[in-house]
Amino acid sequence: MSSSPAAQPAAADSFGKYDPPIELTTVRNLNDVVENNVLSVLKGETFEDNRWTRVYEELLGIKLKYDWVIKGGDTSDQYVQKLNVTLASGELPDFITVNAVQLKQLAESDQLEDMTALYEQYASPFMKEVFTQEGSGPLDAATFDGKLMAIPQVEASIERSMYIWIRSDWLSKLGLQPPKTMADVRAISKAFAENDPDGNGQKDTYGLGLTKDVFGGAMGLEGFMAGFNAYPNIWLEDETGKLVFGSIQPETRKALQALQEMQKNGEIDKEFGIKDGGKVSEQIAAGKIGMEYGEQWNSIWPLQLNKNNEKDAQWQAFPIVSESGETPKVPLKFSTTKFVAVKKGIQHPEAIIKLFNMHLEKNWGETGEFDKYYAPPNAESVWQLSPVTPYPLKKNLDAFRDIDAARKAGDMSSLKGEAKTIQEKLEMFSSGSAEGFALWGWERIYGPEGSMGIANQYDQNNQFLMDKFVGTPTPTMVERKTTLEKMQNETFIKIILGQPIEEFDKFVADWKKLGGDKIAQEVNDWYESLK
Amino acid sequence: MRKRRMWRELPLHLMILPGMLFVLTFSYIPMAGITIAFQKFIPAKGLFGDQKWIGLDNFRYVLDLPNFIQVMWNTLYISSFKLVLGLAVPIIFAILLNELKNEAIKRSVQTSIYLPYFLSWVVLGGILIDLLSPSGGLVNSIIKSFGLDPIFFLGDNKWFPTTLIASDIWKNFGYGTIVYMAAITGIDPGLYEAATIDGANRWRKAWHITLPGMRMVIVLLAVLSLGQLLNAGFDQVFNLYSPQVYQSGDILDTFVYRIGLLEAQYGVATAVGFFKSIVSLVLISSAYYIAYRVAKYRIF
């Protein structure tokens, strides 16, 4: 793409300017970060009139107008309620960001523009590349009866990768090596619980941190179970090409049994079943837990809390391991959950696609000015001023690769964009200042032994195992999913706490009977319909 | 004659008007939303849009869900204990407190028991987890010092409902006590003097003067709280329960929250809400009737 994309015939449509300008209405939430860290430091910019709205108006001829703006996060009660009222009133703005269930309801009530042909015609090559970086999932999720009914607000599933976060200062204190197999993980967990790693003469430490939610991005079990080839909560393809649910497979039973043994041995807090993430993070902060499975950002939360308490504590991310020592699969839950729906009958539905094109172009394209539009040093979240925020799905991994290459070449001057911003944080940390100390978590992600290096390794080894079901919830899922989830977590926790493993077999039978079989049927029908 | 009376009372009738308008706007008009309970409701089509009518299917669906009986039982069990003890404890406490003659002690006791009422369950939830922990909590340290086994109050299905009831009473009884104390101050001191002259001791006086003097307030609070029988306390349960104690702790409101709101099944959520309202109406009407027969109590 040249510096003036509009001059190129092939891309003319994707970036074509409306003359005279058109107006598009939508609704927004204004979160604390944007209000306090962005708008308050930018001179002469407001939520309605800022660098993003100006780009859209000057380059595309699109004026954005907000029907309403609610202060608070996009999951805050006020915002969700106002959004629900807007949906219930049936008076939609020109475009609106909704979740999968809302999208389905809107599509079923025939209120949305069919975007199939427009996407083909107007999406820039860069946008199409980004939207297929994780396969057809994001687009499939917005497709009903073969029609694309919304533009997915793509999210990187790769960020759901699991790592083993271990207190490496405890490892060296006890003379242990990083794990290569699940047996090693068990041995480390045992040593952390029994060999007094904190040296206070009491048996008051635990090997593995768990919460009452069992799964999740921090202190979750996905990574541990993957070590047993068990992939709960996601849909997998079996040898016959059918989709099956990971939670009810025999491998999950085996993983639960291992956890039960660890719990009996005092390696897992007997009270984990009533503790949420906040409570367990208190234990981590107090130096009582030495290992947890979680995502790449865990060093920022909750582990930095521990670092703040104990200056000499050190945590490091390690790749997840398998029982046999072979390279394990890393399960990824599908993460695109928001969709930009376009109201039926508006004059320029394709304009919404142009917003996506422009957002990608201004941040990561040839004409991109990352420092101005994505994360200027004084206002890091400036990108959130745009109502659509697509991003290349491997951008964090790419930033790591750039930094790592520069680090190895010993020349940081070549870094630009996001990589440069991150490198500045790493330098701040190594300066040893108090401000830099607060950035320890970042060093643990992008530094030489950071979690992103492992993501890179996962990616190169092709270790990712994507959730195979990416459609909107099926009818029986809507009806029964919470009931089945409740049963699952109840059973899993009880087994870990010592109930006979046969409870698992009863759970599988009940799961099937209480709607699971029907859900599996619907999921497979959906899967067939894609072929 | 009759007409003139109406005329004279007109200002009084006008004074009710704002209140009636308020009730009409915020309590009666929204009742139209009950229709959602009988629809396969799709929000995008609007409240009065082209929704599909499905009769009693939402109600049938809820009754069919596994565990519904268990949830119903938990709700009734937990809330009826809360109801009875929530009435009895403050009454007893108010009477005992009334016997205290030292004003300073009386006030400080009153204030300190009232304090937990102001803490939200989110905060109390975190405190209770620490306080009741079987390994390091204060309560279990005391139990252990008596040579007994520690109790997992929040993780044991045998103990969880008791914990809910006890912590709820502990949080709220200060409030009730103050209401009853106020009722007691309204009792004619002459009655006590007369009883003293007749040679009545403290127990006699409490039984024959204080308690009957509080009767009206007790009946009023009892009638009002009966309407809440199907509310076992969403805030509290939501902040204290966990998968380990779903079996004994899941109540109607947490159940509806998970089924109805998390999955956007508004029709189902409304059906349960409607069901609860009907049961509450029956309960409060019969309580009112009984209160009239037994205690000659009526509001109008």
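Please read these numbers as outputs of a predicted model, since none were measured by experiment.

All right, on to the overall build of chain A then. The number of helices and strands found in chain A is 23 helices and 15 strands. In terms of C-alpha radius of gyration, chain A reaches 24 Å, essentially the compact-globule figure of 24 Å for 531 residues. Structurally, chain A occupies a C-alpha span of about 75 × 60 × 40 Å along its principal axes. Within the span of chain A, comprising 531 residues, buried residues form 60% of the whole. Of the contacts formed within chain A by residues at least 6 apart in sequence, a portion of 74% connects residues at least 24 apart. Within the structure as shown, chain A displays about 21,500 Å² of accessible surface, and the carbon and sulfur contribution to it stands at 49%. Positive and negative side-chain charges of chain A, numbering 57 and 79 respectively, have mean locations separated by a distance of 2 Å.

This brings us to the pattern of salt bridges. Within the structure shown, the criterion is met by 41 salt bridges over all chains. Between A:Lys275 and A:Asp269 there is a salt bridge; the shortest N-O distance is 2.9 Å. Summarising the burial analysis for this pair, A:Lys275 and A:Asp269 share the class buried. A salt bridge links B:Asp130 to A:Lys279; the shortest N-O distance between them is 3.0 Å. With B:Asp130 in helix 5 (residues 121-132) and A:Lys279 in helix 13 (residues 277-285), the pair connects residues from two separate chains. Given the relative accessible area of 42%, B:Asp130 is considered partly exposed. Linked through salt bridges whose partners overlap, the residues forming this network are A:Lys394, A:Asp398, A:Arg401 and A:Asp459.

Here we come to the nonpolar core. Counting residues in hydrophobic clusters, the biggest one holds 162 residues, and the most contacted among them are A:Leu24, A:Phe224, A:Trp235 and A:Leu259. In terms of residues, this core owes the most to one element, helix 23 (residues 502-530) of chain A, which gives ten residues. Setting aside residues up to four positions removed in sequence, A:Leu24 forms contacts with A:Ile62, A:Lys63, A:Leu64, A:Lys65, A:Asp94, A:Phe95, A:Ile346, A:Ala351, A:Ile352 and A:Leu355. In this structure, B:Ile129, B:Leu164, B:Ala232 and B:Val237 belong to the second largest nonpolar core, which totals 25 residues.

Our next topic: the sheet that holds strand 7 (residues 150-152) of chain A. All names here are of chain A. Across the sheet, three strands lie side by side as 3-14-7; this open sheet has antiparallel pairing. Single-partner strands in this sheet number two, and they are strand 3 (95-99) and strand 7. Across the sheet, the mean angle separating the axes of adjacent strands is 30° when strand polarity is ignored. Pairing of strand 7 with strand 14 (residues 338-342), which is carried by three bridges, proceeds in the antiparallel orientation. For Pro152, the partnering residue across the bridge sits in strand 14 and is Phe339. Relative to the sheet, helix 5 (residues 100-108) contacts strand 3, strand 7 and strand 14, its axis offset from that of strand 3 by approximately 125°.

A few words on the UniProt feature "transmembrane region" (unreviewed entry) in chain B. UniProt marks residues 12-38, 76-97, 109-129, 173-192, 213-234 and 266-291 of chain B with the feature "transmembrane region" (unreviewed entry), using the numbering shown here. Split by type, residues 213-234 of chain B is 68% helix and 0% strand. Its first and last C-alpha atoms lie 34 Å apart.

In this section: the interface of chain A and chain B. With 32 residues of chain A in contact, the opposing surface of chain B contributes 33 residues. Three residues, A:Glu271, A:Ile274 and A:Lys486, lead the burial of chain A against chain B; their summed loss comes to 24% of the area buried on that side. Across the chain A-chain B interface, the total number found is two salt bridges. One salt bridge connects B:Asp250 with A:Lys486, and the closest N-O pair in it is separated by 2.9 Å. When contributions to the side of chain A that touches chain B are tallied by element, the ones reaching two or more residues are helix 4 (77-89), helix 5, helix 13 and helix 22 (475-496) of chain A. If you tally residues by element for the side of chain A that touches chain B, the top one is helix 22 of chain A, at twelve residues. Grouping the constituent residues of the side of chain A that touches chain B by class yields ten nonpolar, nine polar and 13 charged.

Further remarks concern the sheet that holds strand 8 (residues 163-167) of chain A. Remark on secondary structure: sheet strands pair via backbone hydrogen bonds, oriented parallel or antiparallel. Residue and element names in this part refer to chain A. Read across the open sheet, the three strands follow the order 11-8-12; overall the sheet is antiparallel. In this open sheet, the two strands that pair with only one neighbour each are strand 11 (291-294) and strand 12 (315-319). Adjacent strand axes in the sheet meet at a mean angle of 30°, parallel and antiparallel pairs treated alike. Relative to strand 11, strand 8 runs antiparallel, the two being bridged by four bridges. Residue pairing across strands places Ile166 opposite Met291, the latter belonging to strand 11.

Okay, the UniProt feature "domain: ABC transmembrane type-1" (unreviewed entry) in chain B next. Here the UniProt-annotated "domain: ABC transmembrane type-1" (unreviewed entry) positions come out as residues 72-287 of chain B. Regarding residues 72-287 of chain B, the helix share stands at 75% and the strand share at 0%, and the terminal C-alpha atoms are separated by 21 Å.

With that settled, consider the side chain of B:Lys276. All names here are of chain B. Here Lys276 shows up in helix 13 (residues 266-295). Overall, Lys276 belongs to the buried group, its relative accessible area being 12%. Side-chain polar atoms of Lys276 contact the side chain of Asn231, separated by 2.6 Å. For Lys276, the residues in contact, after removing those within four places along its chain, are Leu230, Asn231, Leu252 and Asp253.

Moving on, we come to the packing of aromatic side chains. For any two aromatic rings, the description comes down to two numbers: the centre-to-centre distance and the angle of the planes. Residue and element names in this part refer to chain A. Following the criterion strictly, the structure yields 43 aromatic pairs over all chains and no others. Between Phe47 and Tyr66 the ring centres are 5.6 Å apart and the planes differ by 35°, which places this aromatic pair in the tilted class. Here the residue Phe47 occupies a position in the loop between helix 2 (32-39) and helix 3 (51-60), and Tyr66 occupies one in strand 2 (residues 62-71), the gap between them amounting to 19 residues. Among the residues examined, Phe47 registers a relative accessible area of 4% and is labelled buried. Here the guanidinium or amino end of Lys311 rests over the ring plane of Phe437, the centre of that ring lying 4.3 Å away.

This part is about the environment of A:Ser322. Residues and elements named next belong to chain A. Among the structural elements, Ser322 can be located in the loop between strand 12 and strand 13 (330-332). When the C-alpha positions of Ser322 and Val388 are compared, they lie 40 Å apart, and in sequence the two are 66 residues distant. Excluding its chain neighbours within four sequence positions, the residues that come into contact with Ser322 are Lys180, Thr181, Met182, Gly227 and Pro328. From its side chain, Ser322 meets the backbone nitrogen of Gly325 in a polar contact 3.0 Å long.

In this section: the confidence of the model for chain A. Do not read the predicted coordinates in detail wherever pLDDT is low. Across chain A, the average pLDDT comes to 93, with 98% of residues at 70 or higher. Across residues 1-11 of chain A, confidence stays below pLDDT 50; counting only partners more than four residues off in sequence or on other chains, it has twelve contacts.

Turning next to a nonpolar patch on the surface. On the surface, a nonpolar cluster with roughly 1,300 Å² of combined accessible area is contributed by B:Trp7, B:Leu10, B:Leu14, B:Leu17, B:Leu21, B:Phe22, B:Val23, B:Leu24, B:Phe26, B:Tyr28, B:Ile29 and B:Met31. B:Met31 sits in the partly exposed class, given a relative accessible area of 43%.

What describes two packed helices is the angle between their axes and the distance between those same axes. All names here are of chain A. Where helix 12 (residues 250-264) meets helix 23, the closest approach of the two axes is 10 Å, and the angle between their N-to-C directions is 145°. By crossing handedness, the relation of helix 12 to helix 23 is classed as right-handed. Together, Thr252, Arg253 and Leu256 of helix 12 and Glu502, Phe504 and Asp505 of helix 23 make up the contact between the two elements. Partitioned by chemical class, the residues of the contact of helix 12 with helix 23 number two nonpolar, one polar and three charged.

Conventions and cut-offs
Residues numbered from 1 in each chain as written. Chains lettered and ligands numbered in written order. Predicted model: local features only at pLDDT ≥ 70, side-chain atom pairs only at ≥ 80, totals over all residues. Heavy atoms only, no water. Helix = DSSP H or I, 4+ residues; strand = E, 2+ residues; numbered from the N terminus. Rg over C-alpha atoms; globule rule 2.2 N^0.38 Å. Buried < 20%, exposed > 50% of the residue type's maximum accessible area, 1.4 Å probe, protein only. Contact = heavy atoms within 4.5 Å. Areas by Shrake-Rupley, 256 points an atom, 1.4 Å probe, with all protein chains shown as cover. Lys, Arg positive; Asp, Glu negative; His and termini not counted. Charge placed at Lys NZ, Arg CZ, Asp CG, Glu CD. Salt bridge = Lys/Arg side-chain N within 4 Å of Asp/Glu carboxyl O. Core = buried A, V, L, I, M, F, W, Y, C linked by side-chain atoms within 4.5 Å. Pairing = 2+ DSSP bridges. Axes fitted to C-alpha atoms, helices over the stretch in contact; angles between N-to-C directions. UniProt positions renumbered as here; feature names shortened; annotations may be inferred. Buried area = accessible area lost by both parts, 1.4 Å probe. Nonpolar A, V, L, I, M, F, W, Y, C, P; charged D, E, K, R; others polar. Polar contact = N/O pair within 3.5 Å; in protein donor to acceptor, adjacent residues only side chain to side chain. Phe/Tyr/Trp six-rings, centres within 6.5 Å; stacked < 30°, edge-to-face > 60°. Lys NZ or Arg CZ within 6 Å of the ring centre and 35° of its normal. pLDDT = per-residue confidence, 0-100. Patch = residues over 30% accessible without salt bridge, like charges linked within 9 Å, V, L, I, M, F, W, Y side chains within 5 Å. Left-handed = near helix turned anticlockwise from the far one by under 90°.

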